[in-house]
Amino acid sequence: MYSDYLCYFCKTLKRYIVMLKKVILLVGFLSTFSLSTAQDHAEHAAVATEQVSTPVSDAEREKAENQEFIQHHVKDAHSFDIMVTKDGHHIGFPLPVIFYDVENGFHSMMSSAFNHGESVVESKGSHYKLFHEKIYKTDASGTIEMDEHGHAKNAKMMDFSITKSVFVILLVSILMILIFTSIARGYKNSLVPSGAGKILEPVIIFIRDDIAKPNIGINYKKYMGYLLTVFFFILFLNMLGLMPFGINVTGNLAITASLALITFLITQFTGNKTYWQHIFWMPGLPWPMKIVMMPIEIIGMFIKPFALLIRLFANMTAGHIVVMSLIAMIYVFKNIIGGVAFPFLTFVLYLLEILVAFLQAYIFTMLSAVYFGMANEEHHHEEAH
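Computed from a prediction, not measured in an experiment: that's the story for all the values here.

Rules used in this analysis
- Residues numbered from 1 in each chain as written.
- Predicted model: local features only at pLDDT ≥ 70, side-chain atom pairs only at ≥ 80, totals over all residues.
- Heavy atoms only, no water.
- Axes fitted to C-alpha atoms, helices over the stretch in contact; angles between N-to-C directions.
- Helix = DSSP H or I, 4+ residues; strand = E, 2+ residues; numbered from the N terminus.
- Parallel < 35°, antiparallel > 145°, perpendicular 65-115°, else oblique.
- Left-handed = near helix turned anticlockwise from the far one by under 90°.
- Contact = heavy atoms within 4.5 Å.
- Nonpolar A, V, L, I, M, F, W, Y, C, P; charged D, E, K, R; others polar.
- 1 Å grid on protein atoms, 1.4 Å probe; cavity = no way out; pocket = protein on both sides within 12 Å on 5 of 7 lines; lining within 4 Å.
- Points joined across faces, edges and corners; volume = space filled by probe spheres on them.
- UniProt positions renumbered as here; feature names shortened; annotations may be inferred.
- Pairing = 2+ DSSP bridges.

Regarding the packing of helix H5 (residues 197-216) against helix H6 (residues 221-240)
And then number 1: Look at H5 against H6: their axes get within 10 Å of each other, and the N-to-C directions meet at 125°. By the criterion of interaxial angle, the relationship of H5 to H6 is oblique. Both H5 and H6 take part in a crossing whose hand is right-handed. Facing H5, whose interface residues are Leu 200, Val 203, Ile 204, Ile 207, Arg 208, Ala 212 and Ile 216, H6 presents Tyr 223, Met 224, Leu 227, Leu 228, Phe 231 and Phe 232.
And then number 2: Among the residues forming the contact of H5 with H6, the class breakdown is 12 nonpolar, no polar and 1 charged.

Next up, the structure:
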């Protein structure tokens, strides 16, 4: 009995590690092509703020600074900044910048060359500037032309850079491969888990027995690799997002959309004929109702992954904004009440964010298992009733 259990557990971990590598490659590839919609709104708001005249009071200026700090915390960046001093000095390290210009081809350099948007970079006879974390083509003086809506009119480059989000994804991916490879190797010598296996084995069994089996059924084994990968991937990213370094990977719409897209593709490509029959020609209904239900079911195919990506994105982004807003309120009120009340509220919400980090990983995994189960549901013969 124990040997069978060990054999199954090792096979599960092997499938999990293989799936982990595939998910890493796909998420990293997709996330380099787009930035979050929230980022675009934040950048446009920041541009609009810059175009407004000087604030009429210190309170308004401080409010604008707090908003800019919150926006900087939740959006992606081309350099990894741990903190910024009062005099504007960035403490951190640069990341590789890779972008494509249709006229001059590929360009590569370190993000320190842009000096956080303060410097103009000359490469292959052209000039480029980092403006609100987007790379634009410009002149030697770094001119950025704006339209009436606060959008930059300069040509925007196709960005393939290793941004902060991509860097953290790679870091978490390497960490997960090392941890679970070590756990799988440990089961070759003993049935008793050691090291990280003591903590993670109950979680793996929970995902198998309480998420995969009840929702998918007898075909749950072929989905275990992905379910384990996406659970720990989201969980580790959420926990890193609680660090005060501006790591908001799961609050990036491009990342959550990539994860939801993987779930969508797995669901469609592993669905049986019963699944497709329920979508295009619902059994057990009069044919006029079948025609009515067909577009509804097709729309539902795309609403499900959309709900996945929005739920994860919105919850993680909202949590970061609320926590950072409460911290900013300490500097707005500048009195003993604010100095005591807001740190306490921040601590309480921070504890709530830890719960949300686990909860969102669980919900994403649970709903993915539900969709897989719907795609593998066996046909029930209504005519026999």
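Having put the structure on the table, let's press on.
Description of empty space enclosed by the protein
And then number 1: Scanning all chains against the criterion turns up 3 cavities of 30 Å³ or more.
And then number 2: Of the pockets and cavities examined, the largest cavity occupies roughly 90 Å³.
And then number 3: The wall of the largest cavity is formed by Thr 263, Phe 264, Thr 267, Gln 268, Tyr 275, Met 301, Lys 304, Pro 305, Leu 308, Tyr 371 and Met 374.
And then number 4: Within the residue set of the lining of the largest cavity, elements represented by two or more residues are helix H7 (253-270), helix H9 (287-333) and helix H10 (336-375).
And then number 5: The class makeup of the residues in the lining of the largest cavity is 7 nonpolar, 3 polar and 1 charged.
And then number 6: Empty space within the second largest cavity amounts to approximately 50 Å³.
And then number 7: For the second largest cavity, the full set of lining residues is Ile 183, Gly 186, Tyr 187, Ser 190, Val 192, Pro 193, Ser 194 and Gly 197.
And then number 8: Looking at the lining of the second largest cavity, its residues break down into 4 nonpolar, 4 polar and no charged.

Digging into the UniProt feature "transmembrane region" (unreviewed entry) in the protein
And then number 1: Under the feature "transmembrane region" (unreviewed entry), the UniProt entry names residues 166-184, 223-247, 253-271, 291-310, 316-333 and 340-364.
And then number 2: The straight-line gap between the two end C-alpha atoms of residues 166-184 is 27 Å; of that span, 100% is helix and 0% is strand.
And then number 3: End C-alpha atoms of residues 340-364 are separated by 36 Å, and the span's content is 100% helix alongside 0% strand.

Quick look at the sheet that holds strand S4 (residues 105-110)
And then number 1: In spatial order, the strands read S4-S3-S8; together these 3 strands make up an open sheet with antiparallel pairing. A strand with exactly one partner marks an edge of an open sheet, and here the two such strands are S4 and strand S8 (158-159).

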